[in-house]
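Survey of secondary and tertiary structure
Listed here are the chains, written in short residue letters.
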Amino acid sequence: MERHVENNRFRQEPVGGSGFCTRKAGEIGNFRQDSLGKLVAVGVKTLVLQAMTCADVTAAGDAAVKAVVGEERFAMIQSAKLLVVGAGGIGCELLKNLVLSGFREIEVVDLDTIDVSNLNRQFLFRRVHVDRPKSVVAAEAVKQFRPNANIISHHGNVKDPQFGLEFIGKFDVVVNALDNLEARRHVNRLCLAAEKPLLEAGSTGHLGQVTVIRKGETECFECQAKPSQKVYPYCTIRSTPEKPVHCLTWAKNLFDLCFGPEDESNLLADLAAEMRKFQAQESVDGEDAGRRIFAHLFEEDIKKQAQLEDLWSDQRPPPGPLCYEDALKNTERPSTDADKDKLETQKVPSVAGDAQGFVAAVAKMYGERRELIGQSSFSKDDPVAMDFVHCAANLRMQNYRIGRLSRWDAQSIAGSIIPAVASTNAIVAGLEVVQLLHVLQSVGKNMKDSKARTVWVRFPEPSRKKILQPSSLHTPNPDCFVCGSRTARVALRSLEECKIMALAKGCIQGQLGAHKPALYANGSCIFDPEYPEPGEEAEEEGLHPEWSLSQWGLTSGSLLQVEDEGQGWSINLVIREEPDLDEQLYPGGFKVSQWPTQWWLQVEAGAGAGEEAAKDMAEKKRKAEADAAEATAAKKAQLDANTVALDD
Amino acid sequence: MASFASKRLAQERAAFKKDHPFGFYAKYAPNEDGKGQNVFKWNCGIPGRAKGPWEGATYALTMEFTEDYPSKPPKCKFAHVHGKPLFHPNVYPSGTVCLSILNEDEDWKPAITIRQILLGIQDLLDNPNAASPAQEEPYRLFSTDKNEYLRRVKKQVSEVALGAQNST
Ligand SMILES: [Zn+2]
């Protein structure tokens, strides 16, 4: 109980006069959970700002930090040159923590400008700052905490050439505060190439992670495959959906098909003719169009699908058609006791609600959005588009007997968003500072022998009280194609059909995360990122982006070298032709796998006829892994995924 | 390409693309058969420095590398002007540039970048080295008749600006 009183006193203590200081200030050290399940920072390690003049604040703050970390470490803190990448949710917390911990030499890069929706948690920003660059405002704000800090802000994309190896080379440590996979991969590669330690952090919902990466000593950000944006097999989307996400993918494609520009690659292109009948007409009664599209999609098309007998079995019964009038009669809402505290959008609507919502969304598109038809594309933030997709997906789930979703859940899956939680960001940013101190102290020794750890932040389950789960750093994966063997296998259907530009864009940029790949084969440069498209200029340089791999003299087993001119990263690709590469599993047309360093072990294990079995096993394993990954996503427990923090 | 030399050249190119002095260019030469680019042969251009006698044109030059690069320097060769070697005391009749940083027995170091080589040659254009003559006529005029030397240089500037340089 005594502890409790202390905690309360702690929280109520007035902190600082400035509006900026009212948050819990500069916490270093461990977090503990008190009996109320709230986070409190423990003991002397918490620094509280008093209402003082700036100089006093700086002096007192520095003295407090020095008392905690000691003279020697404090000197290290003051001289360390840091690069902070990102000034959003984690970045604001991080910059505040850093200056209050005594860091003085900081540069910060961020691409974004401030949006109203950021203000609820990116606490360095105020309404007057809206539309200004995040990096600039964040730097100005934290400079008020410590006027003697030297903070340089850059409003730009960390992938721009000015932030290349030379730039990274200026710093002692790079600290990430990013929310997207692509930029995190890029910074990972830059830091490996520049041999700079990197603090990696991420948060999704109540989950977070902080880790330390140093070349050759620890796992890099890409040593373990990340669940990337999943591409679903065509027939699952078109005919045999099993999960809500399949129906949502279908509905997103449907929206683009109905209201977007013509796109042959749309998964539902075979429905296009039917849908476009409405688009072409001068004036359309939106209600009527909605009902006709309804009948076409959820009744007639389903009847057709149900007749494809090969698809259905006892385990997988055919879908049931739904007619609009019947749907309207189904006003029952699935609800549970837990629902009573929920927002309306967090509850699953009735089938009638979905049917009406669908028709209403179509009517709106043909009404107030008339002039945008033919040029719209799905966005989770567009309420009409989201209503359309939610209702359409739910109706399809009804067809296929899949449990329908609330609009809230549909939106998070459709936009692959997991809401950003300010507390998680704060914890993650605090942990980054702790790990940063370990990194600074590990100079001259292997990171694995330091106190640096990977720390997971988890939403506490009632059975376990722990929020933080540290684990020791792992050694690099020797097969990692970024920091290890740098060799990967790429299988594709036809060397004769695959253009070199398609390989560069679809596979090397898209799947391997390269930024500006130049390709070399047989001692020549055969693709230059400066000439990504065919043209006279490219031709004069001896480049032909439109040539197929076989025109370039590549055969199955050929080696292709990739030099990334934007990341200082390189990789060797072993190209293999697999005419029967499964289109459903690899809709992009490329299968990328690691080239194991001890490849001979695999060859021996899978010798002769065994190879087929090995392939089968690998496929099964891959499927199982994919399913597991998806299940995790459904539970919103997927960290590091290609997710976007809400509104960031 | 897997070789150390080609790897370094690929990196040099990436570095040059990212940041190169104004007016210069340096890129892989296309293969003779038009299929791809030769990593070991570069086509470069060096502008005459502003306010100097060579101002007003960009001089085409090829760099040829071997598998021994970067322990050995590249061979740098100016394209001929109207079929004659570039008029400069330190350019051999073949077009090859005579410069200490391009000589492995003198000042060549593996750390020297392509950008530095090009800047070094640009500097050489304005400041010939009287200690290493490579072409008789320009050397003689440079040592005995600076006015005539400058007149000839200026004449060459306008010829090159009009496209008189052809690759050799
Ligand atoms: Zn790695």
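Residues numbered from 1 in each chain as written. Chains lettered and ligands numbered in written order. Predicted model: local features only at pLDDT ≥ 70, side-chain atom pairs only at ≥ 80, totals over all residues. Heavy atoms only, no water.

**Considering a negative patch on the surface**
All names here are of chain A. Operational definition: Each patch is built from residues lacking any salt bridge and having more than 30% relative accessible area; the joining distance is 9 Å for like charges and 5 Å for nonpolar side chains (Val, Leu, Ile, Met, Phe, Trp, Tyr). Note on areas: these come from Shrake-Rupley sampling with a 1.4 Å probe, and a residue is covered only by the protein chains present in the view. What counts as a salt bridge is simple: a side-chain nitrogen of Lys or Arg found within 4 Å of a carboxyl oxygen of Asp or Glu. By the counting scheme adopted, Arg and Lys are positive, Glu and Asp are negative, and His together with the chain ends is not counted. The atoms used to mark charge sites are NZ of Lys, CZ of Arg, CG of Asp and CD of Glu. Numbering of helices and strands runs from the N terminus; a helix is a DSSP stretch of H or I covering at least four residues, while a strand is a stretch of E covering at least two. Per-residue accessibility, obtained with a 1.4 Å probe over protein chains only, is compared with the maximum for each type, and a residue is labelled buried under 20%, exposed over 50%, and partly exposed between these values.
A surface patch of negative charge is lined by Glu-536, Glu-537, Glu-539 and Glu-540. Topologically, Glu-539 is positioned in helix α18 (residues 536–540). Assessed through its relative accessible area of 46%, Glu-539 is described here as partly exposed.

**Some details on the sheet that holds strand β8 (residues 207–213) of chain A**
Note on sheets: strands pair through backbone hydrogen bonds, and any given pair is parallel or antiparallel. All names here are of chain A. What counts is decided by this rule: Two strands make a pair as long as DSSP finds a minimum of two bridges between them. Here an angle of 0 to 180 degrees is reported between the N-to-C directions of two axes, which are lines fitted to C-alpha atoms, with helices fitted over the stretch in contact. Whether two residues are in contact is decided by their heavy atoms: any pair within 4.5 Å suffices.
Taken in spatial order, the eight strands make up an open sheet running β5-β4-β3-β6-β7-β8-β10-β11, and their pairing is mixed. Each having just a single partner strand, β5 (150–155) and β11 (468–472) make up the two edges of the open sheet. Across the sheet, the mean angle separating the axes of adjacent strands is 15° when strand polarity is ignored. Across three bridges, β8 lies against strand β10 (residues 453–457) in antiparallel orientation. Paired with Gly-208 across the strands is Val-457, a residue of β10. Strand contacts of helix α5 (residues 134–145): β4 (105–110) and β5, with the helix running at about 165° to β5, the strand carrying the most contacts.

**Some points on the interface of chain A and chain B**
Spelled out, the test is: When two components associate, each loses some accessible surface as probed by a 1.4 Å sphere; the sum of these losses over both components is called the buried area.
Residue-level contacts link 20 residues of chain A with 18 residues of chain B. Of the roughly 1,700 Å² buried where chain A meets chain B, counting both sides, 46% is carbon and sulfur surface. Among the residues of chain A in contact with chain B, Tyr-520, Glu-541 and Glu-565 of chain A are the three that bury the most area, contributing 32% of the side total. At the boundary of chain A and chain B, one finds seven salt bridges.

**Considerations on α5 of chain A**
Operational definition: Between the first and last residue of a helix there are one fewer steps than residues, each counted as 1.5 Å, and that sum is the expected span.
Spanning 12 residues, α5 of chain A covers 17 Å between terminal C-alpha atoms, matching the ideal 16 Å at 1.5 Å per step. Every buried residue belonging to α5 of chain A is among Lys-134, Ser-135, Val-137, Ala-138, Ala-139, Ala-141, Val-142 and Phe-145 of chain A, and all of these are buried.

**With respect to helix α2 (residues 114–126) of chain B**
For α2 of chain B, with 13 residues, the first-to-last C-alpha span of 19 Å sits near the 18 Å given by 1.5 Å per residue. Turning to α2 of chain B, the residues buried within the fold contact α1 (4–18), β1 (25–30), β2 (37–47), β3 (58–64) and β4 (75–78) of chain B.

**Points about the coordination of the zinc ion**
All names here are of chain A. Put simply, the rule reads: Metal coordination here is assigned from N, O and S atoms located within 2.8 Å of the ion, or within 3.2 Å for Na, K and Ca; omission of water means that sites may look incomplete. In this scheme the shape depends on donor count and angles: four donors with every angle between 85 and 135 degrees give tetrahedral, four or six donors with opposite pairs above 155 degrees and others between 65 and 115 give square planar or octahedral in turn, and any other case is irregular.
Taken together, the protein ligands of the zinc ion are Cys-220 (SG), Cys-223 (SG), Cys-480 (SG) and Cys-483 (SG), with distances of 2.2 to 2.3 Å. One can describe the donor arrangement at the zinc ion as tetrahedral, given that its four donor atoms subtend angles of 95 to 116° at the metal. Ordering the donors of the zinc ion by residue number gives the pattern C-x2-C-x256-C-x2-C. With Cys-220 in the loop between β8 and α8 (234–238) and Cys-480 in the loop between β11 and β12 (487–492), this pair connects stretches of sequence that are 260 residues apart. The exposure class assigned to Cys-220 is buried, which follows from its relative accessible area of 5%.

**Concerning the packing of helix α14 (residues 383–399) of chain A against helix α15 (residues 407–414) of chain A**
All names here are of chain A. Selection criterion: Our angle categories are set so that under 35 degrees counts as roughly parallel, over 145 as roughly antiparallel, 65 to 115 as roughly perpendicular, and the remainder as oblique. Classification used: nonpolar for Ala, Val, Leu, Ile, Met, Phe, Trp, Tyr, Cys and Pro, charged for Asp, Glu, Lys and Arg, polar for all others including Gly.
At a minimum axis separation of 10 Å, α14 and α15 run at an interaxial angle of 100°. Taken together, α14 and α15 sit at an angle that is classed as roughly perpendicular. Mapping the contact onto sequence places Pro-383, Met-386, Asp-387 and His-390 in α14 and Arg-407, Ala-410, Gln-411 and Ala-414 in α15. Considering only residue class, the contact of α14 with α15 consists of four nonpolar, two polar and two charged.

**Notes on the pairing of strand β7 (residues 198–204) of chain A**
Residue and element names in this part refer to chain A. What counts, and what does not: A crossover gets the label right-handed when its path from the first strand over the helix to the second runs clockwise, viewed with the strands pointing away from the viewer.
The element β7 is largely enclosed, with a buried count of six among its seven residues. Pairing of strand β6 (residues 173–176) with β7 involves two bridges; the strand directions are parallel. Its bridge partner lying in β7, Val-174 is registered against Leu-198. Note that the unit made of β6, helix α7 (residues 181–194) and β7 has a crossover that is right-handed.

**Observations regarding the packing of aromatic side chains**
Defined as follows: Stacked, edge-to-face and tilted labels apply to pairs of Phe, Tyr and Trp rings (six-membered ring for Trp) whose centres lie within 6.5 Å, assigned for plane angles under 30 degrees, over 60, and everything in between, in that order. Whether a charge sits over a ring depends on NZ of Lys or CZ of Arg being within 6 Å of the ring centre and within 35 degrees of the ring normal.
If you walk through the whole model with that rule in mind, you get 24 aromatic pairs over all chains. With centroids separated by 5.1 Å and ring planes inclined at 35°, the aromatic side chains of Phe-358 of chain A and Phe-388 of chain A adopt a geometry described as tilted. Of this pair, Phe-358 of chain A sits in helix α13 (residues 351–366) while Phe-388 of chain A sits in helix α14, and the two are 30 residues apart along the sequence. For the pair Phe-358 of chain A and Phe-388 of chain A, one class covers both residues: buried. By the ring-pair criterion, three or more aromatic residues cluster together here, those being Trp-250, Phe-255, Phe-259, Phe-294, Phe-298, Tyr-324, Phe-358, Tyr-366, Phe-378 and Phe-388 of chain A. For the cation-ring pair, Arg-189 of chain A lies above Trp-569 of chain A, with the distance from its terminal atom to the ring centre recorded as 3.8 Å. For the cation-ring pair, Lys-27 of chain B lies above Tyr-25 of chain B, with the distance from its terminal atom to the ring centre recorded as 5.8 Å.

**Description of the pattern of salt bridges**
Under the defined criterion, the tally for this structure stands at 41 salt bridges over all chains. A salt bridge links Glu-222 of chain A to Arg-189 of chain A; the shortest N-O distance between them is 2.7 Å. Of this pair, Glu-222 of chain A sits in the loop between β8 and α8 while Arg-189 of chain A sits in helix α7, and the two are 33 residues apart along the sequence. Arg-189 of chain A gets classed as buried once you look at its relative accessible area, which sits at 1%. For Asp-381 of chain A, the salt bridge goes to Lys-380 of chain A, with nearest N and O atoms at 2.9 Å. With relative accessibility at 49%, the residue Asp-381 of chain A sits in the partly exposed group. Shared partners join several salt bridges into a network, and the residues in it are Asp-528, Glu-530 and Glu-565 of chain A together with Arg-13 and Lys-17 of chain B.

**What about the state of the cysteines?**
Residues and elements named next belong to chain A. Short version of the rule: Pairs of cysteine sulfur atoms within 2.5 Å are identified as disulfides in what follows.
Counted according to the given criterion, the structure contains zero disulfides over all chains. Cysteine Cys-498 is unpaired, with the sulfur of Cys-507 as its nearest cysteine sulfur at 8.3 Å. By relative accessible area, which is 10% here, Cys-498 ends up buried.

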